[in-house]
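# Analysis of the macromolecular model
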Amino acid sequence: MTLTVSTLVAANLHLGHARQSWNQNMLPYIYGERQGIHIINLEHTIVMLRRAINVTREVALRGGNILFVGTRPAIHRVTVEAARHADAYFATSWVGGTITNKERVLRRSVGYDPDKVMQTLMPPEETASESGKSSSSRHGLKAQASAAASGEEDAATGRRKESRAPKNPQPYVHTPDLLIILDYANNAWAVREANQANIPVIAICDTDCNPRRVQYPIPANDDSVTGVELIARALSMASREGSMMRAERLAEKAKEDAAAVATHYE
Amino acid sequence: MQRALATAAATASARRPCLHSSLLRLAPLPTALLRPAHVRTYAFPSSSSSASSSSSTFRPNPAYDDILANPHPAPRPDSLAYFTGNPRYFAAVASLNALIRKHRLNFRDTEQYAHVQHKPKWMTMDEMAEYLEFRLVKGTYEELVHKLNVLFAAQAMDGAIATTLQTFVKPGATLVTPSRPTASLDEFGRSYSYGSRKTAKAQAWIIAGTGQVYVNGVHMSEHFAQAEDLEAILRPLVLAGGVAKYNVWALVRGGGQSGQAAAVAVAVARGLCVHEPPLAPIFKDEGLVVIDTRQVERKKTGQPGARKKNTWYVDDAADVKNKHYLLAALCSYAIASYLSGSSVKLLTRDGFATGRTSHHTFYIIIATTHSAQTEFRPVCKAQAFLSLQFD
């Protein structure tokens, strides 16, 4: 894929929104005005897109979770395909609390509901067993308590539960390490959550968006599906590259380690 | 913009990156030259900088130096839809969409599966939430069911469709609904059918014959006295053109004459549909095969019938009018008798149409000259009470 200004123009990425609805923070990225709409300076777009590509590749190289967010129905398919090719993740509708309330919002993904944690009524020094229940199992309060106390095998997970040792069964809930937002205008909340959690955000910023809330803005037209697809593909390819490089390096390292072990035991 | 690019490319130096380069060979960006003025960037020190740098220089955490270490304490999530909070739903929808796209099905309208007779019983919203662990709202559920129906209608295209759809079938039901047992002729060529009307229940056996219709052991003309009842029973046969082609043996219990006749008529129509299936839509349009479910409505307490009400409550306007007429009649009678010479004297309270209270009671005081007694008779509501005292 060649990233040239002509390619971007062909994808209508230079077309901004109406002059009246501009965000003044986009001034550096605006080339001018024509027929009542602002035209985005694609030289900036290319530079910032390449920066975003670099960031994506590096995050993928380091094993981070990359999340493509695209809420508009027209770009649902673009988002999902980008995530699939990138070995990354997608969100076609942002649920508030995905980052800041992840234990609850992502309980179905994790298989653990923190609000249904059962605690036995015994004093804490005797047994502090908290039996985590996966959402597919159907255990009553008494059954869980008795099962926890007697140290039975948990039917859902097959793990043998210790009755005496205190546990913290809340499993780890992942956060994205990079957010790629393909329609910033609809996902200001996602950007807010990411900023709260210090997660970098790449976003396609149109002339009515505020690029200052985003760490790697890409000034471009967010209404054109072909344009968004182009950018999403570029970022998706970068992410794929990064994860492939990581896989290679991990394989090399594994080989080296194996060789080192072999030589050690010779 | 294009000319600027051309000149830039012509004078490319080691510092300025070529905008046509591929992704893999990107030179470090001279951000100082190209970044907008308001964007702050941090200066990452090169590896040659001394370890004892001043506190104003930013140094990334050395914990991140190991690129191959896992940044999270758990392995990466498997599902693409991990961060949606609804991973199984999205995985399912992705598989359905893939099938729809693969076979290029037009899923825009519901006409796709309007022809399908027996759609399988899909899971309800709550069942999907419980068994498949979907988080659904009504609109999403309806769209999902629409896609399932579209794929079910196009089942013949691909065997994989059936396996995919199986997961959405209601627990206890199957994808291929067993067809309802259709009625057929028995070993003797008879059809059995049933009909009812009000309290009459009828069974009919129809066999090819000469046109004899027997009800409860006797010919129908003996059983039914009214011509209307006979016509009702014969109507389906007439429409089918089979009056002389079939024999009917009917048993009917309950109800009265016309109820039994209508019950037998429905049974005959249904039996004829078994003999000649093409008649079914014709009879359905005529309404001959549908049982009339109307039953006698029960009587309610405080009323003389099911709907009829008692007449305690007379309409005010009519009541007043009645009272006017009544009072006028009484007064004119009293006046006439007085004028004709009888000894009746009319004494009313204030005049012609007065003496009427707001509760529609009024008093006619008629007294005789010879009697000091006055009779007060309250006239209330619909009742009229006249007392005349004569000498």
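Residues numbered from 1 in each chain as written. Chains lettered and ligands numbered in written order. Predicted model: local features only at pLDDT ≥ 70, side-chain atom pairs only at ≥ 80, totals over all residues. Heavy atoms only, no water.

An unreviewed UniProt entry lists chain B under the name 37S ribosomal protein S9, mitochondrial, with Geranomyces variabilis as the source organism. According to the UniProt record, the Sequence similarities (unreviewed entry) comment for chain B is "Belongs to the universal ribosomal protein uS9 family." (UniProt positions renumbered as here; feature names shortened; annotations may be inferred.)

Per an unreviewed UniProt entry, chain A goes by 37S ribosomal protein, mitochondrial and derives from Geranomyces variabilis. Under the UniProt heading Sequence similarities (unreviewed entry), the note attached to chain A is "Belongs to the universal ribosomal protein uS2 family."

The helix and strand inventory of chain B stands at eleven helices and eight strands. Considering only contacts in chain B between residues 6 or more positions apart, those separated by 24 or more positions represent 61%. As displayed, chain B has an accessible area near 24900 Å², and 56% of this comes from carbon and sulfur atoms. (Helix = DSSP H or I, 4+ residues; strand = E, 2+ residues; numbered from the N terminus. Contact = heavy atoms within 4.5 Å. Areas by Shrake-Rupley, 256 points an atom, 1.4 Å probe, with all protein chains shown as cover.)

This part takes up the overall build of chain A. Within chain A one finds eight helices and ten strands. Per-residue burial for chain A yields a buried fraction of 48% across its 266 residues. Put simply, of all contacts in chain A between residues at least 6 apart along the chain, 57% involve residues at least 24 apart. (Buried < 20%, exposed > 50% of the residue type's maximum accessible area, 1.4 Å probe, protein only.)

All names here are of chain A. Across the sheet, five strands lie side by side as β5-β4-β8-β9-β10; this open sheet has parallel pairing. At either margin of the open sheet sits one strand with a lone partner, and together these are β5 (89-91) and β10 (216-219). With strand direction ignored, the average angle separating the axes of adjacent strands in the sheet is 20°. The pairing of strand β4 (residues 66-69) with β5 spans three bridges and is parallel. Bridging from a neighbouring strand, Val69 pairs with Ala91 of β5. (Pairing = 2+ DSSP bridges. Axes fitted to C-alpha atoms, helices over the stretch in contact; angles between N-to-C directions.)

All right, on to the packing of helix α3 (residues 87-102) of chain B against helix α5 (residues 138-153) of chain B then. All names here are of chain B. Across the interface, α3 lies against α5 with an axial gap of 11 Å and an inter-helix angle of 35°. Pair α3 / α5 crosses with left-handed handedness. Here Tyr89, Val93, Leu96, Asn97, Leu99 and Ile100 of α3 come into contact with α5, specifically with Thr140, Leu144, Lys147, Leu148 and Leu151. (Left-handed = near helix turned anticlockwise from the far one by under 90°.)

Moving on, we get to the pairing of strand β2 (residues 30-34) of chain A. Each regular strand displays side chains that alternate between the two surfaces of the sheet. Residue and element names in this part refer to chain A. For β2 and strand β3 (residues 37-40), the ladder comprises four bridges, and the chain directions are antiparallel. Along β3, the bridge assignment pairs Gly32 with Ile39. Connecting β2 to the antiparallel partner β3 that follows it, the hairpin turn spans two residues, and Gln35 within it adopts a positive phi of roughly 55°.

This paragraph deals with the pairing of β4(A). By the alternation rule, side chains of β4(A) split into A:Ile66 and A:Phe68 and A:Leu67 and A:Val69, which are all buried. Regarding topology, helix α3 (residues 76-86) of chain A serves as the crossover connection from β4(A) to the parallel β5(A), and that connection is right-handed. (Right-handed = clockwise from strand over helix to strand, strands pointing away.)

A separate point is the side chain of A:Arg246. Considering the arrangement of structural elements, one finds A:Arg246 in helix α8 (residues 225-264). Of the buried charged residues, A:Arg246 lacks a salt bridge, with B:Asp66 as the closest side chain of opposite charge at 7.5 Å. From its side chain, A:Arg246 meets the backbone oxygen of A:Arg62 in a polar contact 3.4 Å long. A:Arg246 has contacts with A:Ala60, A:Leu61, A:Arg62, A:Gly63, B:Ile67, B:Leu68, B:Ala69 and B:Asn70, leaving out every residue within four places of it along the chain. (Lys, Arg positive; Asp, Glu negative; His and termini not counted. Salt bridge = Lys/Arg side-chain N within 4 Å of Asp/Glu carboxyl O. Polar contact = N/O pair within 3.5 Å; in protein donor to acceptor, adjacent residues only side chain to side chain.)

To continue, consider the sheet that holds β2(A). Residues and elements named next belong to chain A. Pairing in this open sheet of three strands is antiparallel, and the strands run β1-β3-β2 from one edge to the other. Looking along the sheet, the strands with just one partner apiece sit at the ends: β1 (15-18) and β2. When the angles between neighbouring strand axes are averaged without regard to direction, this sheet yields 30°.

Moving on: the confidence of the model for chain A. Mean pLDDT over chain A stands at 85; residues scoring 70 or higher make up 80%. Below a pLDDT of 50 lies the segment residues 119-148 of chain A, which in the model reaches 53 contacts outside its immediate sequence neighbourhood of four places, other chains included. (pLDDT = per-residue confidence, 0-100.)

For the coordinates displayed, the defined rule picks out 20 salt bridges over all chains. Residues joined by salt bridges that share partners form a network here, namely A:Arg107, A:Asp113 and A:Lys116.

Residues and elements named next belong to chain A. On the surface, Glu248, Glu252, Glu256 and Asp257 cluster together to form a negatively charged patch. Position of Glu252 relative to the elements: it lies in helix α8. Residue class for Glu252 comes out partly exposed when judged on its relative accessible area of 45%. (Patch = residues over 30% accessible without salt bridge, like charges linked within 9 Å, V, L, I, M, F, W, Y side chains within 5 Å. Charge placed at Lys NZ, Arg CZ, Asp CG, Glu CD.)

Residues and elements named next belong to chain A. For Asn101, the location among the structural elements is in the loop between β5 and α4 (102-105). On the basis of relative accessibility, which here comes to 29%, the residue Asn101 falls in the partly exposed class. C-alpha of Asn101 to C-alpha of Glu193: the two residues are 92 residues apart in sequence and 9.7 Å apart in space.

Turning to the environment of B:Arg294, a few remarks are in order. Mapped onto the elements, B:Arg294 comes out in the loop between α10 (279-286) and α11 (316-339). Taking the C-alpha atoms as reference points, B:Arg294 and B:Arg197, 97 residues apart in sequence, are found 7.8 Å from one another.

What follows covers helix α7 (residues 188-196) of chain A. All names here are of chain A. Those residues of α7 lying buried are Ala190, Val191, Glu193 and Ala194. One side of α7 holds all its buried residues, which, seen down the axis, span an arc of 165°. Directly after α7, the chain includes Asn198, whose backbone phi takes a positive value near 60°. (Arc of directions from axis to C-beta.)

The biggest cluster of nonpolar side chains holds 67 residues, and the ones touching the most others in it are A:Phe68, A:Leu235, B:Trp122, B:Met128, B:Phe134, B:Leu165 and B:Phe168. In terms of residues, this core owes the most to one element, helix α2 (residues 42-61) of chain A, which gives eight residues. With residues up to four places along the chain from it excluded, the contact list for B:Phe168 reads B:Ala92, B:Leu96, B:Trp122, B:Met123, B:Met128, B:Leu132, B:Phe134 and B:Leu148. Core analysis: the next-biggest nonpolar cluster, separate from the first, contains 27 residues, A:Tyr184, A:Val191, A:Ala203 and A:Cys209 among them. (Core = buried A, V, L, I, M, F, W, Y, C linked by side-chain atoms within 4.5 Å.)

This part covers unusual backbone geometry. If you check the backbone angles, A:Asn12 has positive phi at about 60° while not being a glycine. With respect to the helices, strands and loops of the structure, A:Asn12 is situated in the loop between α1 (5-10) and β1. Residue class for A:Asn12 comes out partly exposed when judged on its relative accessible area of 33%. Residue B:Glu133 is not a glycine yet carries a positive backbone phi of 60°. Judged by relative accessible area, B:Glu133 falls into the buried class, the value being 12%.

Residue and element names in this part refer to chain B. Considering the arrangement of structural elements, one finds Leu234 in helix α8 (residues 227-240). Leu234 sits in the partly exposed class, given a relative accessible area of 25%. Through-space distance from the C-alpha of Leu234 to that of Ala265 is 7.3 Å; in sequence the pair is 31 residues apart.

Glancing now at the packing of aromatic side chains. Pairs of aromatic rings are described using the distance from one ring centre to the other and the angle between the two planes. Applying the stated rule across the entire model yields nine aromatic pairs over all chains. Through pairs of rings, three or more aromatic residues link up here, namely A:Phe90, B:Tyr89, B:Phe90, B:Phe134 and B:Phe168. Between the NZ or CZ atom of A:Arg192 and the centre of the ring of A:Trp189, over which it lies, the distance is 4.7 Å. (Phe/Tyr/Trp six-rings, centres within 6.5 Å; stacked < 30°, edge-to-face > 60°. Lys NZ or Arg CZ within 6 Å of the ring centre and 35° of its normal.)

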